[in-house]
Amino acid sequence: KQEVTQIPAALSVPEGENLVLNCSFTDSAIYNLQWFRQDPGKGLTSLLLIQSSQREQTSGRLNASLDKSSGRSTLYIAASQPGDSATYLCAVKAAGNKLTFGGGTRVLVKP
Amino acid sequence: EADIYQTPRYLVIGTGKKITLECSQTMGHDKMYWYQQDPGMELHLIHYSYGVNSTEKGDLSSESTVSRIRTEHFPLTLESARPSHTSQYLCASSGTGPQKWETQYFGPGTRLLVL
């Protein structure tokens, strides 16, 4: 059974600092890995999707890497802003179109 | 922004009542999903559908039921609500592209409180 773990569970940084969020998964037989953002009391917004054959994806200040063989992904957010405060979730997709989510990392960026 | 809607957004209801959480999408997606998320906890898949008249139970056991009579509509029903059903329920949908590229689009969620 696939298990997804995110470390740390919570992170507080001053504005301008770079953020590093980690995700690990136990079964490397995945189609893709996604990073989502969730604001309090709201749904999820997809940030980046990395196919299993890719090593990284970039969108603006966000960069996500994937090492499928070791079961790890890292989300980097450069020059953090208070608006980046949210919970970040990673999810892996395996056969059957099912997503398995990690517990999330709650990020607080202080002005 | 994804066109997937959930109503109500918030619901406070007494034990024993029957409730239906609505989910609709206007993207023509064939696949739809229901997730349950307790505060500060992981999302767990409780139901999914690959098309009209197709429904399956997810990884987390749930007393709720779902139906898929129309492509765009995927309601979730609790016949008799209990306090243990208090949670946030998130609906999602995804399209018909290759699995490795397919992403799920999420609705805003329904926060349910059963007294």
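Our structure is the block above this text.
What you see is a predicted model; the values in this text were computed from it and never measured.

K.L.:
How should the interface of chain A and chain B be read in this particular structure?
P.N.:
Think of interface size as the accessible area that goes away when the parts come together; that is how it is often given. Taken residue by residue, the interface counts 25 residues in chain A and 23 residues in chain B. Roughly 2100 Å² is buried in total at the junction of chain A and chain B, and carbon and sulfur atoms are behind 45% of that figure. By the criterion of area lost to chain B, the three top residues of chain A are Gln51, Asn97 and Lys98 of chain A, representing 27% of everything that side buries. In this structure, the connection of chain A to chain B is made through one salt bridge. Across the pair Lys98 of chain A and Asp59 of chain B runs a salt bridge whose closest N-O atoms are separated by 3.6 Å. Counting across the interface, chain A meets chain B through three residue pairs in polar contact (both at pLDDT 80 or more). Of all the secondary structure elements, the ones that give two or more residues to the side of chain A that touches chain B are β4 (32-38), β5 (44-51), β9 (86-93) and β10 (99-101) of chain A. The residue inventory of the side of chain A that touches chain B, partitioned by class, reads nine nonpolar, 13 polar and three charged.

K.L.:
Just checking my understanding: could you explain the sheet that holds strand β1 (residues 4-7) of chain B for this structure?
P.N.:
By definition, the strands of a sheet pair up through backbone hydrogen bonds, in either a parallel or an antiparallel sense. All names here are of chain B. Strand order in the open sheet formed by four strands is β1-β3-β8-β7, with antiparallel pairing between adjacent strands. Each edge of the sheet is formed by a strand with only one pairing partner; in this case those strands are β1 and β7 (65-66). Two elements, β7 and strand β8 (residues 76-78), share two bridges in a ladder whose sense is antiparallel. Within β8, the position partnered with Val66 by the bridge is Leu76.

K.L.:
What's the story with the nonpolar core in this structure? I'm lost.
P.N.:
Soluble globular proteins tend to bury their nonpolar side chains together. Residue and element names in this part refer to chain A. Core analysis: the biggest nonpolar cluster contains 22 residues, and Phe25, Leu33, Trp35, Leu75 and Tyr88 have the highest contact counts within it. Where this core is concerned, the elements lending two or more residues are β3 (19-25), β4, β5, β7 (62-67), β8 (72-77), β9 and β11 (105-110). Filtering out sequence-adjacent residues up to four positions away, Tyr88 remains in contact with Gln6, Leu21, Phe36, Arg37, Leu47, Leu75, Ile77, Gly104, Thr105 and Val107.

K.L.:
How do you make sense of unusual backbone geometry when you look at a structure like this?
P.N.:
As a rule of thumb, non-glycine residues mostly have phi less than zero, and peptide bonds are mostly trans rather than cis. That bond from Ile7 of chain A to Pro8 of chain A is cis: its omega, 0°, falls within 30 degrees of zero. With respect to the helices and strands, the residue Pro8 of chain A is situated in the loop between β1 (4-7) and β2 (10-14). The backbone of Asn53 of chain B sits at a positive phi, close to 65°, despite the residue not being glycine. Tracing the sequence through the fold places Asn53 of chain B in the loop between β5 (43-51) and β6 (54-57).

K.L.:
Would you mind showing me how to read the state of the cysteines here?
P.N.:
Residues and elements named next belong to chain A. With the rule as written, the count across this model stands at two disulfides over all chains. One disulfide bridge connects Cys23 with Cys90, the sulfur atoms lying 1.9 Å from each other. Here Cys23 and Cys90 share a disulfide; its torsion about the S-S bond, 65°, makes the bridge right-handed. Residue Cys23 is found in strand β3, and its partner Cys90 is found in strand β9; the two are separated by 67 residues along the sequence.

Reading guide: rules and limits
- Residues numbered from 1 in each chain as written.
- Chains lettered and ligands numbered in written order.
- Predicted model: local features only at pLDDT ≥ 70, side-chain atom pairs only at ≥ 80, totals over all residues.
- Heavy atoms only, no water.
- Contact = heavy atoms within 4.5 Å.
- Buried area = accessible area lost by both parts, 1.4 Å probe.
- Salt bridge = Lys/Arg side-chain N within 4 Å of Asp/Glu carboxyl O.
- Polar contact = N/O pair within 3.5 Å; in protein donor to acceptor, adjacent residues only side chain to side chain.
- Helix = DSSP H or I, 4+ residues; strand = E, 2+ residues; numbered from the N terminus.
- Nonpolar A, V, L, I, M, F, W, Y, C, P; charged D, E, K, R; others polar.
- Pairing = 2+ DSSP bridges.
- Core = buried A, V, L, I, M, F, W, Y, C linked by side-chain atoms within 4.5 Å.
- Buried < 20%, exposed > 50% of the residue type's maximum accessible area, 1.4 Å probe, protein only.
- Disulfide = S-S within 2.5 Å.

Remember that the coordinates give geometry; whether it matters functionally is a separate question.
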